[in-house]
Amino acid sequence: MIRLHGVRKTYGKVTALDDLELDVREGEFFCLLGPSGAGKTTTLKTVAGLETPDAGTVELDGRDMRGVEPYDRGVAMCFESYALYPHKSAYDNLASPLRSPRHRLPAAEARERIGEVAELLGISPLLDRPVGRLSNGQRQRVALGRVLVRPARAFLLDEPLSHLDAKLRQQMRAELKAIGAVRRTTTLYVTHDSVEALALGDRIGVIRDGRIVQTGTREEIWYRPHDTEVARAFGRPRINLLPGSVTADGGFRSADGKVELPVRAGAAGTDVLIGVRPRDLTLGEGPGHELTGTVYVTEVLGRSVEVTVRLGAQNLSLVAPRGEASALRPDDPVRLSVRPENLLLFEADRPERPGRRIGP
Ligand code: ADP
Ligand code: MG
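Rules of the game
Residues numbered from 1 in each chain as written. Chains lettered and ligands numbered in written order. Predicted model: local features only at pLDDT ≥ 70, side-chain atom pairs only at ≥ 80, totals over all residues. Heavy atoms only, no water. Axes fitted to C-alpha atoms, helices over the stretch in contact; angles between N-to-C directions. Helix = DSSP H or I, 4+ residues; strand = E, 2+ residues; numbered from the N terminus. Parallel < 35°, antiparallel > 145°, perpendicular 65-115°, else oblique. Left-handed = near helix turned anticlockwise from the far one by under 90°. Contact = heavy atoms within 4.5 Å. Nonpolar A, V, L, I, M, F, W, Y, C, P; charged D, E, K, R; others polar. UniProt positions renumbered as here; feature names shortened; annotations may be inferred. Salt bridge = Lys/Arg side-chain N within 4 Å of Asp/Glu carboxyl O. Buried < 20%, exposed > 50% of the residue type's maximum accessible area, 1.4 Å probe, protein only. Domains from an automatic or database assignment. Buried area = accessible area lost by both parts, 1.4 Å probe. Polar contact = N/O pair within 3.5 Å; in protein donor to acceptor, adjacent residues only side chain to side chain.

Once that is clear, we can look at the packing of helix H2 (residues 90–99) against helix H4 (residues 136–148). A pair of packed helices can be characterised by two numbers: the angle between their axes and the separation between those axes. Packing of H2 against H4 brings their axes to within 8 Å, and their N-to-C directions diverge by 25°. The orientation of H2 relative to H4 falls into the category roughly parallel. The chirality of how H2 crosses H4 is right-handed. Residues Ala90, Asn93, Leu94, Ser96 and Pro97 of H2 pack against Val142, Gly145 and Arg146 of H4. Taken together, the residues of the contact of H2 with H4 sort by class into 4 nonpolar, 3 polar and 1 charged.

Structure (structure tokens):
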């Protein structure tokens, strides 16, 4: 429904979008994930028609948007810097798009739409207040609401929850997709937060340096990351990447020989990186292959503890229940087990090659 093909956009010497390919399907909630400066906002502005690409095409509903004014594209965009009327009430800010000639709705219907959106965004009690007197987080929700009340072919949302505190962000994340308009409307949602992308995205596009490096469902991105950088972008603590090589019998051995895993790592002698997610490691005996090491450092994370275990030259991080791990001290010997199903293999000299899921 939203299709960008070979889109290039430069600002002077800066290449913001570099041959960008993007394909968002009808009705989909698509998350564009990438670090600051990756080209996320430029992508949205290009779809909205606020920026003209130097090359490439933008299609909406199969129609080439070249020469089509932003106003005529039928998309509603929520900006990072929320453009609101500070002296008007939150209600009037929400209502103003519905008073424009294009989107005019009968007053009762407008009230109903605004009511639903305001309720789900948790801003109903604020509707009478001037926006200038709201907190940043409240303003951000009004700005988001202002986009969602408007009938549109697609919503373009640029980090719409970034100014909320952690608790509210988590709550909004859960509720955003429940909003009727969001359920019914194709949404291109930009974020730099991988947790948000995993929670919200029907599919996720990972953008880096103005290019989409991988598009997929959360399972595809998690289990078959395009490269070590994508693997590292998802999951906290981060995935462990162990450098080593393939042994004569096809298994894995770390460079210092301290970690051996009986996996099918490929052709003997190849340098590889094995990716082990913290959740696939357990302290003590468990399913899978056993390793021994010493505690390097522990860090309490609420009810659990992140334990980093040293095995020769490499560290492996895992998360253990507080009860099991709270007595651990640096240099204590520990055993751990590696669940082999979801181990990932990267060729060390070509870490840009897609990760391969390898089993025992
Ligand atoms: P993101 O939203 O992912 O943080 P942007 O799309 O805003 O990234 O920016 C991508 C790159 O383009 C950055 O290097 C940024 O500095 C540059 N850029 C964006 N807009 C402009 C502009 N109007 N003028 C000059 N450089 C810009
Ligand atoms: Mg941005």
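Mapped onto the present numbering, the UniProt feature "domain: ABC transporter" (unreviewed entry) falls on residues 2–234. In this annotation, residues 2–234 is assigned 35% helix and 26% strand; the end-to-end C-alpha distance for the span is 25 Å.

Right, let's talk about the packing of H2 against helix H3 (residues 107–121) for a bit. Following both chains from N to C, one finds H2 and H3 inclined at 125°, their axes separated by 10 Å at the closest point. By the criterion of interaxial angle, the relationship of H2 to H3 is oblique. In the crossing of H2 with H3, the sense of the turn from one axis to the other is right-handed. Listed contacts from H3 to Tyr91, Leu94, Ala95 and Leu98 of H2 are Ala110, Arg111 and Ile114. Within the contact of H2 with H3, the residues separate by chemical class into 6 nonpolar, no polar and 1 charged.

Now for the pattern of salt bridges. Pairing is possible between side chains that carry opposite charge, provided their charged atoms lie close to one another. Under the criterion given, the structure shown has 18 salt bridges. For Arg66, the salt bridge is made with Asp64, and the minimal N-O distance between the two is 3.3 Å. Overall, the relative accessible area of 60% leaves Arg66 in the exposed class. With a relative accessible area of 35%, Asp64 lands in the partly exposed category. Close ionic contact of Arg335 with Glu290 constitutes a salt bridge, the shortest N to O distance being 3.1 Å. With Arg335 in strand S19 (residues 333–338) and Glu290 in strand S16 (residues 289–301), the pair connects residues that are 45 residues apart, well separated along the chain. Exposure remark for Arg335: the relative accessible area of 39% places this residue in the partly exposed category.

Per the domain assignment, the segments making up the protein chain are domain 1 (2–229) and domain 2 (238–359). Facing 7 residues of domain 1, the contacting portion of domain 2 comprises 13 residues. Counting each side, the surface lost to burial between domain 1 and domain 2 is near 920 Å², with a carbon and sulfur contribution of 61%. Area buried by domain 1 at its contact with domain 2 is led by Trp222, Tyr223 and Thr228, which between them contribute 62% of it. Across the domain 1-domain 2 interface, the total number found is 0 salt bridges. Seen at the junction of domain 1 and domain 2, the total is 1 residue pair in polar contact (both at pLDDT 80 or more).

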